[in-house]
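# Reading the structure
Each chain, letter by letter, is given below.
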Amino acid sequence: ISERIRISKESDTLQGITDKMIMDVIVNFREEVRHADPEVKKRAARTLFESIVIHPKDTPKGDRMLSIKGACLPLTRDLLVTPRGIEPLLPA
């Protein structure tokens, strides 16, 4: 039962995400990376892409083929809340 509840909650959360929301995040990310230093750009590429393979040219003046495998990034996260009264107390 708990597994079905979890799956139901996840599907409800994903249904609330629209294409426009995703595009807004992508546009914002693009602007942030555009103005970043080269090290931040490298880390962003390593985070988004699991692998990038540059294939050799077919002909001396030909184009190169790129094979890009994207990384799986979570779109949602779980927030945890602790009930009041169980926090560790500082000595008096």
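Placed above this text is the structure.
It should be emphasised that the depicted structure is a prediction, and the values quoted were computed from it without experimental measurement. (Residues numbered from 1 in each chain as written. Predicted model: local features only at pLDDT ≥ 70, side-chain atom pairs only at ≥ 80, totals over all residues. Heavy atoms only, no water.)

### Some points on the overall build of the protein chain
Heads up, the condition is: Under the DSSP-based scheme used, a helix requires at least four consecutive residues in state H or I and a strand at least two consecutive residues in state E, with every element numbered from the N terminus. Classification of residues uses two cut-offs on accessible area relative to the type maximum, computed with a 1.4 Å probe and protein chains only: under 20% is buried, over 50% is exposed, and between them is partly exposed. In this description, contact between two residues means that some pair of their heavy atoms is separated by no more than 4.5 Å. Only the protein chains shown count as cover for residues, and the accessible areas themselves come from Shrake-Rupley with a 1.4 Å probe.
Helix and strand counts for the protein chain stand at three helices and two strands. Along the protein chain, helices and strands appear, N-terminal first, in the series α-α-α-β-β. Counting the 92 residues in the protein chain, one finds 3% classified as buried. Long-range pairs, those at least 24 residues apart, make up 18% of the contacts in the protein chain between residues at least 6 apart in sequence. Of the accessible surface of the protein chain, which amounts to about 9,200 Å², a share of 61% is contributed by carbon and sulfur atoms.

### Details of the pattern of salt bridges
Counted only if it meets this: Salt-bridge detection follows one rule: a side-chain nitrogen of Lys or Arg within 4 Å of a carboxyl oxygen of Asp or Glu.
If you walk through the whole model with that rule in mind, you get four salt bridges. Close ionic contact of Arg34 with Glu31 constitutes a salt bridge, the shortest N to O distance being 3.0 Å. Of this pair, Arg34 and Glu31 both sit in helix α2 (residues 19–34), three residues apart, roughly one helical turn. Of the residues examined, Arg34 reaches a relative accessible area of 47% and is grouped as partly exposed. Taking the relative accessible area as the measure of exposure, Glu31 reaches 30% and is therefore partly exposed.

### So, the packing of α2 against helix α3 (residues 38–48)
Inclusion rule: Where helices are involved, their axes are fitted lines through C-alpha atoms of the stretch in contact, as for all axes, and angles between N-to-C directions lie from 0 to 180°. Crossing handedness is read from the near helix: turned anticlockwise from the far helix by less than a right angle, it gives a left-handed crossing, and turned clockwise, a right-handed one. Amino acids outside the nonpolar list (Ala, Val, Leu, Ile, Met, Phe, Trp, Tyr, Cys, Pro) and the charged list (Asp, Glu, Lys, Arg) are all regarded as polar, and Gly is one of them.
Where α2 contacts α3, the two axes come as close as 9 Å, and the packing angle between them is 145°. As α2 packs across α3, the resulting crossing turns out to be left-handed. Taken together, the residues of α3 that come into contact with α2 (itself represented by Phe29, Val33 and Arg34) are Lys41, Ala44 and Leu48. Considering only residue class, the contact of α2 with α3 consists of four nonpolar, no polar and two charged.

### Concerning a nonpolar patch on the surface
Test applied: Residues qualify for a patch when their relative accessible area is over 30% and they have no salt bridge, like charges being joined within 9 Å and the nonpolar side chains of Val, Leu, Ile, Met, Phe, Trp and Tyr within 5 Å.
Where nonpolar side chains cluster on the molecular surface, the patch consists of Phe49, Ile52, Ile54, Leu66 and Ile68 and spans about 470 Å² of accessible area. Among the elements of the structure, β1 (49–54) and β2 (66–70) are those that each provide at least two residues to the nonpolar patch. Counting residues per element, the nonpolar patch draws most heavily on β1, which supplies three residues. Topologically, Ile52 is positioned in strand β1. Given the relative accessible area of 46%, Ile52 is considered partly exposed.

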